[in-house]
Amino acid sequence: MSLVTMKNLLQRAEENNCAVGAFSVGNMEMVMGAVKAAEELRTPIVLQIAEKRLQNSPLTLMGPMMVNAAKHAGVDIAVHLDHGLTKRCVAEALSYGFTSVMLDRSLLPFEENVKQTKEIVQMASATQATVEAELGVVGGNEGDTEEHKITCTDPAMARDFCERTGIDALAVAIGNAHGNYPVSPELRFDVLEEIYHTVDIPLVLHGGTGISDEQFRRAISLGIRKINIATASFDRLAQAAQHYCDGCNKPDYFTLSSEMVKGVYENVIKHILVFNNR
Ligand code: 13P
């Protein structure tokens, strides 16, 4: 078991008609909780971090830790840069041995998104790393103050985008959003179905927090092969820490750390069970 490319895990998800869980991490406890869950369920996962999160969790520290955690895990793990914002950050992630990267240019005009994504595909080819890109706009924000308005992915443009860029996985916008949904989301499965029949590479669902198990299963039946979970893990860690500190007079770091690992572990277990589609 080892560090593998995300493409490898996406192919296996395709063969098994399931989705690989991509779990965002921001510290050691989150890495440990996610890996423990994956090992216990003998299920490969993706460990990922978004560039916006590096303000709290620098890549110089997180990158080597994530890659080493994958190398020493009892299951196959891919390590991915989520929502890269700069080519410099993508290059840095690749230099640490990340096996997958994303440059998010979804807010730019189509042609500019194509041009910049192609450059990343070229850059990643040096280490055979997987490349994910996004077309259309996923709502909410990923560590940003600005809320993005949802624009669903256009299926015909999606095919053109995939063919011209040579990416390995496409993140779609179908009414999904980052962060906690104010009301439960209405996903556009009609749009997803059209993309699924138009595009022949694995599809990625961002904004997994707050999507129901039934919606996950339906999305998987329509070609979603990677599902991103961030907010639910961050929230569970914070709640576990609060619960522990509220419940004792003299909290100690070591128990606190174990409780944080446990909170993340439980959240990852819950999601893997649904994504395995068994
Ligand atoms: P959530 O924070 O909604 O789980 O979204 C995660 C995500 O899509 C990261 O890219």
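Refer to the structure presented above.
Because the structure is predicted, anything quoted here is derived from the model rather than measured.

Novice: Looking at this structure, how should I read the sheet that holds strand β3 (residues 77–84)?
Specialist: Hydrogen bonds between backbone groups are what pair the strands of a sheet, and the pairing can be parallel or antiparallel. Ordered by their spatial adjacency, 8 strands build a closed barrel running β1-β2-β3-β4-β5-β6-β7-β8, and the pairing between neighbours is parallel. With direction set aside, neighbouring strand axes in the sheet form an average angle of 25 degrees. The sheet contacts of helix α4 (residues 87–96) involve β3 and β4 (100–103), and relative to β4 the element is tilted by about 175 degrees. Here helix α8 (residues 213–221) sits on the sheet in contact with β7 (203–205) and β8 (224–229), set at roughly 145 degrees to β8.

Novice: I keep staring at the site of the ligand and nothing clicks. Help me out?
Specialist: For the ligand, the set of nearby residues contains 14 residues, the closest of which are D82, G207, T209, A230 and T231. The separation between an oxygen atom of the ligand and a polar side-chain atom of H178 is 3.2 Å. N228 places a side-chain nitrogen or oxygen 3.1 Å from an oxygen atom of the ligand. Alone, the ligand offers 310 Å² of accessible surface; in the complex the protein occludes 99% of this. Mapped by element, the contributors of at least two residues to the shell around the ligand are β3 and β8. Class assignment of the residues belonging to the shell around the ligand gives a composition of 3 nonpolar, 9 polar and 2 charged.

Novice: Help me out: how do you make sense of the packing of aromatic side chains in this one?
Specialist: Two descriptors summarise a pair of aromatic rings, namely the distance from one centre to the other and the angle between the planes of the rings. For the coordinates displayed, the defined rule picks out 3 aromatic pairs. Their ring planes at 85 degrees and their centres at 5.0 Å tell us that F216 and F275 sit as a pair that is edge-to-face. Of this pair, F216 sits in helix α8 while F275 sits in helix α10 (residues 253–275), and the two are 59 residues apart along the sequence. Like F216, the residue F275 is buried in the burial classification. The residue whose ring lies beneath K36 is Y265, and the NZ or CZ to ring-centre distance is 4.7 Å. Geometry around F234 places R53 over its ring, the cationic atom sitting 5.4 Å from the centre.

Novice: Would you take a moment to explain the pairing of strand β6 (residues 169–172) for this structure?
Specialist: Remember that side chains alternate between the two faces of the sheet whenever the strand is regular. The alternating pattern of β6 places A169 and A171 on one face and L170 and V172 on the opposite face, and all of these are buried. Across 4 bridges, strand β5 (residues 130–135) lies against β6 in parallel orientation. Pairing of E134 across the sheet is with A171, part of β6. Pairing of β6 with β7 involves 3 bridges; the strand directions are parallel.

Basis of the calculations
Residues numbered from 1 in each chain as written. Predicted model: local features only at pLDDT ≥ 70, side-chain atom pairs only at ≥ 80, totals over all residues. Heavy atoms only, no water. Pairing = 2+ DSSP bridges. Helix = DSSP H or I, 4+ residues; strand = E, 2+ residues; numbered from the N terminus. Axes fitted to C-alpha atoms, helices over the stretch in contact; angles between N-to-C directions. Contact = heavy atoms within 4.5 Å. Near = heavy atom within 4 Å. Polar contact = N/O pair within 3.5 Å; in protein donor to acceptor, adjacent residues only side chain to side chain. Areas by Shrake-Rupley, 256 points an atom, 1.4 Å probe, with all protein chains shown as cover. Nonpolar A, V, L, I, M, F, W, Y, C, P; charged D, E, K, R; others polar. Phe/Tyr/Trp six-rings, centres within 6.5 Å; stacked < 30°, edge-to-face > 60°. Buried < 20%, exposed > 50% of the residue type's maximum accessible area, 1.4 Å probe, protein only. Lys NZ or Arg CZ within 6 Å of the ring centre and 35° of its normal.

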